[in-house]
Each structure stands twice: as C-alpha cells, then as structure tokens.
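Topology and contacts: notes
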Amino acid sequence: MLHKRNINKVTVLGSGVMGSRIACHFAGIGVQVLLLDIVPSGSPKEGEEKIFRNKIVNEALAAAVKSSPSPLYTKDVLKNITTGNFEDNMKDIVSSDWIIEVVVERLDIKKQVFDQVEKFRKPGTLITSNTSGIPIHLMAEGRSDDFKKHFCGTHFFNPPRYLRLLEIIPTSFTDPGVVDFLMHYGDLFLGKTTVLCKDTPAFIANRIGVFSIMSIFHIMDKLDLDIDEIEALTGPVIGRPKSAIFRTADVVGIDTLVKVAMGVKENCPTDEAKEIFEIPGWLQKMVDNKWLGDKTGQGFFKKIKSTDGQKEILTLDLKTFEYAPRQKPKFATIETAKPIEDIKQRIKILSKGTDKAGEFYRQFHYNLFSYISNRIPEISDEIYRIDDAMKAGFGWEIGAFETWDILGVKDTTDAMKEAGFAVASWVNDFIKEGNTSFYKVENGKRLCYDVSAKKYLSLPGGDSFIILSDLKEKAVWKNTACNLYDLGDDVVGLQWNTKMGSIGSEVLEALNQSISIAEEKYKGLVIANEGPQFSAGANVGMIFMLAAEQEYEELDMAIRLFQNTMMRVRYSSIPVVVAPHSLTLGGACEMSLHSDKVQAAAETYIGLVELGVGLIPGGGGTKEFALRASDEMQHNEPETIPLQNRFITIGTAKVSTSAFEAFELGILRKGIDEVSMNQSRRIANAKQDVIDIFDHGYSKPVQRTDIKVLGRSGLGMLYSGINGMFRGNYISEHDVLIAKKLAYVMCGGDLSQPALVNEQYLLNLEREAFLSLCGEKKTLERLQSVLKSGRPIRN
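Residues numbered from 1 in each chain as written. Predicted model: local features only at pLDDT ≥ 70, side-chain atom pairs only at ≥ 80, totals over all residues. Heavy atoms only, no water.

Now for the overall build of the protein chain. Each helix and strand counted, the protein chain has 32 helices and 25 strands in total. In summary, the protein chain has a C-alpha radius of gyration of 28 Å against a globular reference of 28 Å for 795 residues, a match within 12%. Projecting the C-alpha coordinates of the protein chain onto the three principal axes gives extents of approximately 80 × 75 × 65 Å. Burial statistics for the protein chain: of 795 residues in total, 55% are counted as buried. Long-range pairs, those at least 24 residues apart, make up 70% of the contacts in the protein chain with a sequence separation of at least 6. Of the accessible surface of the protein chain, which amounts to about 34000 Å², a share of 51% is contributed by carbon and sulfur atoms. A distance of 2 Å separates the average location of the 95 positive side-chain charges in the protein chain from that of its 103 negative side-chain charges. (Helix = DSSP H or I, 4+ residues; strand = E, 2+ residues; numbered from the N terminus. Rg over C-alpha atoms; globule rule 2.2 N^0.38 Å. Buried < 20%, exposed > 50% of the residue type's maximum accessible area, 1.4 Å probe, protein only. Contact = heavy atoms within 4.5 Å. Areas by Shrake-Rupley, 256 points an atom, 1.4 Å probe, with all protein chains shown as cover. Lys, Arg positive; Asp, Glu negative; His and termini not counted. Charge placed at Lys NZ, Arg CZ, Asp CG, Glu CD.)

Right, here's the structure in full:
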C-alpha cells in the first residue's frame with residue numbers, strides 16, 4: 001500500500017558529478033531543490049563571505065549546467081534550485097520531503113553527514129543514499145527508529161537524466177510503504193525503471209554489468225582479440241550502446257571499474273565466478289599509469305590532433321602499451337548479421353557464427369547465462385529485475401534472460417554444459433518441468449517465470465505498460481514493414497519496423513489503412529513504435545533516387561501522398577494520438593504536428609530538419625508552421641514576430657533537446673500535448689488519451705480557410721535577414737536559395753498584401769518549392785552525403 005505523501009521539495013547533500021545532476025533532474029520535473037555541499041577551506045575576501053562559503057556548490061552546479069549532454073530539460077528550470085552549504089543551511093532541510101545523500105563514498109563521512117541530518121530532519125521525511133557500493137544496512141546502524149524506518153538506498157545511474165535505472169535498496173528496518181512509494185514515484189515522476197534490489201555488493205546492475213565487462217576482458221585474452229575488435233563485437237550489432245565495452249570504461253572511469261570489480265571479489269567470497277573479477281595485468285598497469293579514461297585524458301582511447309589539425313582517436317595496444325589509429329575490423333559473422341533489422345534474429349545469427357566472432361559470442365553468452373542463473377535468489381528473487389536493471393542501467397536493448405530465451409533455453413543450456421559451463425540447479429529443474437522460455441505472452445499479457453513459486457506470474461505494472469511486440473496474436477492488419485494491433489478498449493495501435501524508423505511508401509500505406517480500419521471499427525488510433533528511435537523521418541533514399549533520375553512526376557506523386565496522409569492524420573473522423581520518443585525528425589515531426597494529440601516521452605528530440613539536406617519540410621510541416629504563426633499573430637505585436645520565430649526554427653533545422661523544449665519551439669502545443677516522464681508508459685498513456693478524446697465527443701475537424709499570410713510585407717522582412725546572413729558569410733548561396741523558398745511558402749507567396757488562405761493553398765506552395773529544390777545539384781550532394789553516412793539528417 002502506498003503512503004500518501006507529496007514531494008514538493010528535495011534536499012541533495014553533495015554537489016559532485018552525481019549530486020548536481022540529480023538536483024537538475026528533480027528541478028526538471030518541477031520540484032524545488034536545495035543543493036548543499038561543504039564550505040571550502042581558506043578565508044574569504046571582505047564582503048564576499050556568502051559567495052565564498054557557497055563556492056564549491058555553485059561551481060559544481062555551473063559545471064553541470066555547462067556539461068554535454070545537458071542535465072536540464074530546459075534552462076529555465078534552474079530557478080527551482082537553491083544552493084547552500086552544510087554549515088549554514090543544514091537547518092533548512094526541515095522543509096524537505098526527501099533528503100538524498102550523495103557525498104563521497106566513505107562510510108565514516110556519510111555517517112557524519114547523517115548525524116547532522118538527524119538534528120534537523122523532521123520525522124517522516126524520506127532519507128536515502130545514492131551510494132553505489134557501501135552496504136545500506138551499515139549506514140542505518142546507530143540511527144533513530146524514525147530515520148531507519150524512512151531510510152534506504154536510491155542508486156541513480158550517471159547521467160541521471162538519461163540513464164533510466166533507479167535501484168531501490170531497502171534494509172530490514174525500512175517501512176514497506178516507503179519502498180512502495182519510492183518504486184512508484186521513481187517510475188511515474190522521475191521516469192525511471194525502478195528495480196527493487198537486495199543489499200548485496202554492487203546491487204544488481206553493477207554486479208552483472210561489471211561481471212560482463214570483466215568476462216569480456218578474459219575472453220579477449222583467451223581468443224587473442226584486440227580493443228577495436230571487441231568494440232566492433234559488443235556495440236549496436238548486439239543491441240548494446242555505441243560506447244560498447246572499452247569506450248564505456250573510459251567514460252565511467254577505469255579506476256571505478258576496477259574498484260567495483262575488486263569490491264565484488266573481496267565481499268563475495270562464495271561467488272562461484274569470483275576469479276572473473278581478478279584484475280588482468282594490463283588493466284592494473286593502466287591504473288598504475290593513471291590512464292583512467294576521460295578523466296585523465298587517456299585510457300583505452302586517446303584523442304589527439306593530427307598533423308592537419310583534425311581530431312583523431314587512437315586505440316591502446318594492450319601488448320605494446322602504445323597508441324595507434326583506430327581500426328575497423330571485419331568479421332564474416334558480423335557482415336552476415338548487420339543487414340538484419342530484427343535484433344532477435346541478428347543475435348541468433350551472431351551466436352551461430354563459425355569464425356572468431358561466433359566463438360566470442362558463444363563464450364560471452366555462456367559465461368553470462370551461467371552467472372545470472374546463480375544470482376537468483378542472491379541478488380534478486382525475480383528474473384525480470386535483472387533484465388530490467390541491465391536494460392535501464394547499461395543500455396542493453398535485450399536483457400540477459402531475454403537473450404537466453406532468444407537462443408533457446410534448453411539447446412543453449414545443453415551447449416553450455418558440453419563446453420564446461422554450469423548452470424544453477426533451478427534452471428535444470430525449470431527445463432525438466434517442460435518450460436521452454438523464461439518469458440511468455442498469454443492474452444497479450446507478458447508473464448515471467450517465478451523461481452520460488454515455480455510458475456509464471458504477470459509482470460508488475462499491468463495496463464500501465466503496453467509492449468506492442470507482445471501483441472502479435474492481436475494483429476488486425478499488417479504489411480511487410482508495419483503492424484496494426486488491437487490495444488483493447490476499442491483502440492488500435494500502429495508500429496513499423498524500418499531502418500531508423502524511416503517513413504516510406506509502406507508506412508504511408510499503413511497509416512491510411514490504419515485510419516480507415518479505426519474509422520470503421522474503433523474509437524481511435526495510437527501511432528508508436530518500440531525501436532531505439534521513433535523515426536528519423538522520410539525515406540531519404542527514395543527521395544534521392546527519384547531526384548537523381550529526374551523522375552519529377554513520381555516525386556510529385558510521392559510528396560502529394562505524404563501531404564495527403566498527414567492531412568488524413570489531422571482530418572480523420574477518429575482521434576489520432578502520436579507517441580514519439582528519442583529521434584523524431586522531419587516527416588515524423590510533421591506527423592506529430594498533424595495529430596490530435598502528442599504523448600511524447602520526456603527524451604524526445606523532435607524537429608523539422610529538412611534544411612540540413614537542402615530541402616524544406618514538404619509533408620505539411622511548412623504549412624503547419626505558417627498556420628500556427630497565423631494563430632499566434634492575433635496575440636503578438638508586431639504580427640511578424642511569430643512568423644519570424646517559426647521561420648528561424650525551420651531555417652536552423654532546430655531539434656529540441658527534450659520534449660519540454662519542444663513546447664518552447666512551438667512543435668508541441670501547450671494545453672494539448674503532454675509528456676510521459678517514463679518512456680515505457682507513453683503508449684498506455686496515448687491509448688487513454690484516445691479514449692478520453694473520443695468519450696468527450698470527438699468530431700471530425702474542418703480544414704482551415706482562415707490562415708493569415710503576410711505576402712510581400714513578410715517576405716521583405718525575412719529576405720532582409722537572409723541577405724544579412726549571407727553578407728556576413730554565415731550562409732552560402734545555396735542556403736540563401738533554400739531560405740528564400742521557405743520564406744516564400746510561409747508568407748503565402750508574392751502577395752501584394754496580407755490575405756487569408758486555406759491549407760491546400762499552402763501545401764501546393766510547399767510541394768512546388770520542395771520539388772524545385774530537389775533539382776538543385778547541391779541538394780543532391782547533401783542527400784547523397786546523408787545516405788553514405790547512415791546517420792539521420794541533422795543541421
């Protein structure tokens with residue numbers, strides 16, 4: 001049962017890298033934050049006592065704000081943070097609802113801080129520690145009963161805004177209601193995957209994550225692989241972050257990695273794999289050399305300036321301890337698997353490889369599966385908690401037990417035993433009982449095997465989390481790239497599986513079909529997907545091919561289809577809610593602009609980026625910005641300001657750094673669109689939005705005929721700015737051409753005076769400008785460059 005409490009003010013004790021960023025994250029969700037740290041040694045100048053006493057905390061916060069990626073959703077949330085010091089302001093914690101300790105990782109210092117907290121904390125206030133390794137129960141020793149009742153570990157991962165894991169580690173004294181509250185609050189308000197952990201060394205994520213890294217170090221030595229080869233094997237190709245293994249170690253800090261590994265080895269004497277945590281000689285040598293990664297300027301990699309002044313990344317040769325230019329190793333197994341978009345199918349192929357890569361994957365997975373099987377119930381009673389921790393804390397697309405399922409539990413276990421790897425006895429019992437997977441789906445609900453109960457149980461959260469890939473048995477319609485699912489309660493959901501979520505003819509077909517089906521049988525439609533990105537926009541390859549071959553009639557038809565589909569999204573007879581996350585660029589942004597409502601994940605990076613390849617938004621995005629500028633003109637003086645602001649947003653290919661910033665850019669609408677802090681909740685929230693909009697009496701919107709465009713008066717203002725940028729050498733002649741085309745459309749053309757126009761009028765201008773730019777040589781060169789890079793369009 002949840003304790004009824006509100007979190008209006010949080011105190012963060014310690015303003016280091018983690019403390020300052022935790023403070024920023026709370027401020028970003030609207031909570032008032034008191035950030036405190038020690039008073040510096042020395043004496044202040046006369047009249048600067050307060051500045052001096054808060055010097056450490058203020059400089060730490062300023063450094064956090066300047067860091068990249070930003071810990072803030074928007075800069076204006078800084079007003080929610082008040083700074084101070086332990087000596088002058090510890091008394092102010094009395095008004096806080098939650099106190100989070102984030103001081104140096106020393107038990108004696110933490111206890112000193114808690115002594116001060118006990119003096120001023122009001123009874124009932126939550127008090128937690130962000131420790132990553134000190135046993136939680138040791139920090140609770142000697143504290144008052146009320147302190148112990150409201151105390152536990154809350155382990156955020158760095159950077160707190162972006163890594164979604166929050167480990168909750170109670171002691172035997174912690175009130176279960178406090179645990180329930182923190183699990184719920186972390187999920188709903190902080191946007192975290194909250195994982196309940198036992199008070200064991202390194203908790204869950206670091207225990208498994210550091211084991212994985214150390215295991216790879218040993219396999220690397222065994223198979224005579226080098227750093228660049230391991231990076232190629234352990235990155236996105238198997239659903240892991242681009243930073244793979246060694247870059248991750250450089251970022252985290254090699255000394256930190258070694259400290260955690262040694263801590264597990266020393267504090268887990270019964271760990272059957274404790275020898276894996278032995279520090280290889282080459283790793284110890286790096287620590288001795290103080291080659292600790294980014295913090296010391298070199299680690300496994302080192303950045304230098306080449307002779308031509310360009311930045312170059314060098315890789316450490318662990319045999320010679322000399323740095324050399326990075327290599328791009330090739331393995332036949334990886335080349336075979338790379339073209340496969342489905343990560344599950346790709347993992348199967350990688351693990352069956354007959355070359356050194358295939359052997360690496362088998363060794364790695366056998367080590368991992370053996371280890372995680374033996375951690376139940378030591379670090380967790382539940383299988384899914386281990387998978388949740390690794391996905392949210394280490395950025396794994398697929399959890400360890402989920403991967404075991406993909407490779408086949410019985411077949412893989414048999415292969416492991418043959419290769420000399422043991423599994424925990426409960427796995428053997430599990431297989432003997434006839435079970436074939438740790439997870440399964442029944443009636444659209446995901447179940448996970450519970451080891452102690454020896455049966456499958458529903459995952460917590462229920463209807464709060466909709467996983468589209470678990471709804472295959474509820475498919476309503478599909479084509480080769482897209483699936484339409486029945487989400488229940490008379491709502492359907494569309495997702496597509498294309499490279500980077502690109503929008504091509506199959507996706508446009510699916511959008512039209514989905515709307516038709518929803519109009520006939522359902523209350524409404526949710527548009528979402530579960531890939532790493534929502535969508536990088538329209539299919540650039542198709543545009544380039546048609547433009548390069550001068551197939552302008554086909555290109556015209558393709559643009560019309562895109563525009564008409566976006567208008568169908570806007571003017572269907574059922575509510576359409578788009579639930580984007582991560583990259584939502586170009587055509588995907590245009591889709592969002594035309595929806596009845598957007599239910600965006602907090603980490604949504606959305607924008608109209610077409611100018612980055614020499615085009616203007618051609619799927620209704622330019623029209624929609626002109627329409628919104630028109631609506632804003634009646635509230636602004638002079639009326640050119642909204643037009644100018646929106647022109648600049650498109651003209652600079654501005655992409656929001658969060659969903660919150662998207663409101664400031666006018667992409668999301670205040671009072672209509674919403675943000676889901678927890679990305680995993682956005683589809684369920686979008687479904688509820690559809691139901692609410694429908695039940696309140698949804699009626700088909702009427703196309704707008706009252707859009708005010710400024711004609712020549714607007715063009716004069718915009719052209720003047722464009723010419724000034726050109727004269728200042730900020731933009732090229734080709735940029736001038738694109739900008740003037742954009743201005744022409746947004747001003748409604750060369751009209752002698754302001755006028756009211758309809759949407760189709762602007763769409764026609766938009767399409768004509770887009771087509772004319774497709775014939776430009778510079779545009780084709782930019783399109784080709786984007787295709788070669790494989791990266792999304794960004795300015």
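Here we take up the packing of aromatic side chains. The description of an aromatic ring pair rests on the distance of the ring centres and on the angle between the ring planes. Counted according to the given criterion, the structure contains 33 aromatic pairs. Between F246 and F300, the ring centres sit 4.6 Å apart and the planes meet at 70 degrees, which makes this aromatic pair edge-to-face. Remark: F300 occurs in the loop between α13 (281–288) and β9 (301–305) and F246 occurs in helix α11 (residues 246–252); sequence separation between them is 54 residues. When the ring of F360 is compared with that of F364, the centres are 6.2 Å apart and the planes differ by 5 degrees; the resulting orientation is stacked. (Phe/Tyr/Trp six-rings, centres within 6.5 Å; stacked < 30°, edge-to-face > 60°.)

Here we take up the packing of helix α22 (residues 540–548) against helix α32 (residues 777–789). For the pair α22 and α32, interaxial distance at closest approach is 10 Å and the crossing angle is 145 degrees. Seen from above, α22 lies across α32 with left-handed handedness. Contacts from V540, G541, I543, F544, A547 and A548 in α22 reach L780, L783, Q784 and L787 in α32. Here the residues of the contact of α22 with α32 sort into 8 nonpolar, 2 polar and no charged. (Axes fitted to C-alpha atoms, helices over the stretch in contact; angles between N-to-C directions. Left-handed = near helix turned anticlockwise from the far one by under 90°. Nonpolar A, V, L, I, M, F, W, Y, C, P; charged D, E, K, R; others polar.)

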